[in-house]
Amino acid sequence: GAARLEKLARRPGEPRSFQAVLPPELWIHLAVVACGNRLEETLVMLKSAVLFSHRKIQFHIFTEDSLKPEFDKQLRQWPDSYTKKFEHRIYPITFSVGNPQEWKKLFKPCAAQRLFLPVILKDVDSLLYVDTDVLFLRPVDDIWKLLRLFNSTQLAAMAPEHEIPKIGWYSRFARHPFYGSAGVNSGVMLMNLTRIRSTQFKNSMIPTGLAWEDMLYPLYQKYKNAITWGDQDLLNIIFYFNPECLYVFPCQWNYRPDHCMYGSNCREAEHEGVSVLHGNRGVYHDDKQPTFRALYEAIRDFPFQDNLFQSMYYPLQLKFLETVHTLCGRIPQVFLKQIEKTMKRAYEKHVIIHVGPNQMH
């Protein structure tokens, strides 16, 4: 539908300007919650989204009052060729039910905010939520398309927490119910908010269903002494009781150090390459996983207007040579495959559309 609309809106002979003509209902909606020292990390994540995306993105940034001016200032300083690809809204941290101070202390500062997105973003139909330590290595459009794969009962999508249950955290240590055999990781989460708002969820508290907002605080009160990973644990409990509501996407869409630091255990990434990188455990900022850090720094330091091959891809290849002594560094093709595909597509589009196929040498 988006492509047809774009074609109709373009005058004959006018070059494609995909995001310029897309009506707001066809934009991608991307949400992130950033508190404490997560400003730079969040901006690098947003930069990775804009670098490779095709469709226009609406950023929903939830943050503390002290960080709002800096987010606004930094995003407005990006070059026009990129700022036209997105709009951003900045929201305060708010919790509609229960004790706000309790929610704020749950796991990392403000992380529980993601549980309230269906309640706050009442006018948004679907949403991609990501943690601040996520990087897109291919267009956001591609993970957004997974929404189309939902069946009639599915209303959210996440990747497994682990590929091998016997060495996974939930299967070994969890003291509460969790989804499937190894749990799910909520760092990358697609949500059909319209469906979430209209569903009555089965639960362990009352025999009848509960609406999403009505379920959150009683669920937290019941399990607060058993959960370790905060809001992610609560989501696992919800989908344990409502497994038909969850679509599970493969690990290439939420690739973490666990997928390579004990040996490669994400088959989809081996075949397709990493699509979305999730540098949890602070690996972008220490020396434990230099492959993850190299990717983060390459995107952070990339000058917007430079050539992607020269200023990102080639330096990355050189940096990866320094990481071959690590288990993750032994499989550089896993990290580079999607970036390479994305850059080739961008280059071909630029050459064929802007230079013209008859002028190529």
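Residues numbered from 1 in each chain as written. Predicted model: local features only at pLDDT ≥ 70, side-chain atom pairs only at ≥ 80, totals over all residues. Heavy atoms only, no water.

J.: An account of the packing of helix 3 (residues 39-52) against helix 4 (residues 68-76) is requested, with residue identities and associated values reported.
T.: The contact between helix 3 and helix 4 brings their axes to 11 Å, and the two run at 35 degrees. Considering the relative orientation of helix 3 and helix 4, their crossing is right-handed. Across from L39, T42, L43 and L46 in helix 3, the residues of helix 4 making contact are E70, F71, Q74 and L75. Here the residues of the contact of helix 3 with helix 4 are counted per class, giving five nonpolar, two polar and one charged. (Axes fitted to C-alpha atoms, helices over the stretch in contact; angles between N-to-C directions. Helix = DSSP H or I, 4+ residues; strand = E, 2+ residues; numbered from the N terminus. Left-handed = near helix turned anticlockwise from the far one by under 90°. Contact = heavy atoms within 4.5 Å. Nonpolar A, V, L, I, M, F, W, Y, C, P; charged D, E, K, R; others polar.)

J.: Go over the confidence of the model for the protein chain with me, naming the residues and quoting the values.
T.: Residues of the protein chain with pLDDT of at least 70 account for 90%, and the chain-wide mean is 88. Note on residues 1-20: pLDDT under 50 across the span, and 22 contacts to partners over four residues away in sequence or across chains. (pLDDT = per-residue confidence, 0-100.)

J.: How would you summarise the nonpolar core if you had to cite specific residues and measurements?
T.: With 71 residues, the main nonpolar core has L30, L128, F136, Y255, L277, M312 and F335 as its most contacted residues. Tallying contributions element by element places helix 3 first for this core, with nine residues. Both domains that meet at this core, namely domain 1 (24-249) and domain 2 (252-354), each give it at least three residues. If we skip the residues at most four places from it in the chain, Y255 touches C260, C266, A269, V274, V276, L277, H278, F292, I331, V334 and F335. (Core = buried A, V, L, I, M, F, W, Y, C linked by side-chain atoms within 4.5 Å. Buried < 20%, exposed > 50% of the residue type's maximum accessible area, 1.4 Å probe, protein only. Domains from an automatic or database assignment.)

J.: So what's going on with unusual backbone geometry? Residues and values would help.
T.: One non-glycine residue, R281, lies in positive phi territory at about 65 degrees. Note on placement: R281 falls in the loop between strand 11 (276-278) and helix 14 (290-301). Classification of R281 as partly exposed rests on a relative accessible area of 48%.

J.: Requested: an account of the packing of helix 14 against helix 15 (residues 308-321), with residues and values cited.
T.: Orientation of helix 14 relative to helix 15, taken along the N-to-C sense of each, is 155 degrees, at an axis distance of 10 Å. With respect to helix 15, the axis of helix 14 lies roughly antiparallel. Like other packed secondary-structure pairs, helix 14 and helix 15 cross with a definite hand, here right-handed. When helix 14 is examined against helix 15, the residues T291, A294, L295, E297, A298 and I299 are found in contact with a partner set consisting of M312, L316, K319 and F320. When the residues that make up the contact of helix 14 with helix 15 are grouped by side-chain class, the tally is seven nonpolar, one polar and two charged. (Parallel < 35°, antiparallel > 145°, perpendicular 65-115°, else oblique.)

J.: Quick one: what's the story with the packing of aromatic side chains, residue by residue and with numbers?
T.: Under the counting rule described, the total for this entry stands at 20 aromatic pairs. Taken together, F59, W78, Y82, F86 and F304 form an aromatic cluster joined through their ring pairs. (Phe/Tyr/Trp six-rings, centres within 6.5 Å; stacked < 30°, edge-to-face > 60°.)

J.: Can you lay out the sheet that holds strand 1 (residues 28-34) for me, pointing to particular residues and giving the numbers?
T.: Strand order in the open sheet formed by seven strands is 3-2-1-4-7-6-10, with mixed pairing between adjacent strands. Each edge of the open sheet is held by one strand with a lone partner, namely strand 3 (86-91) and strand 10 (246-248). Across the sheet, the axes of successive neighbouring strands diverge by a mean angle of 25 degrees, strand direction being ignored. Summarising the sheet, strand 1 and strand 4 (residues 126-130) pair through two bridges and their orientation is parallel. In the sheet register, A31 faces strand 4, and the bridge partner there is Y129. Strands in contact with helix 3 are strand 1, strand 2 (57-63), strand 3 and strand 4; relative to strand 1, the strand with the most contacts, it is inclined by about 165 degrees. Of the strands in this sheet, strand 1, strand 2 and strand 3 touch helix 4, which is tilted by about 175 degrees from strand 3. (Pairing = 2+ DSSP bridges.)

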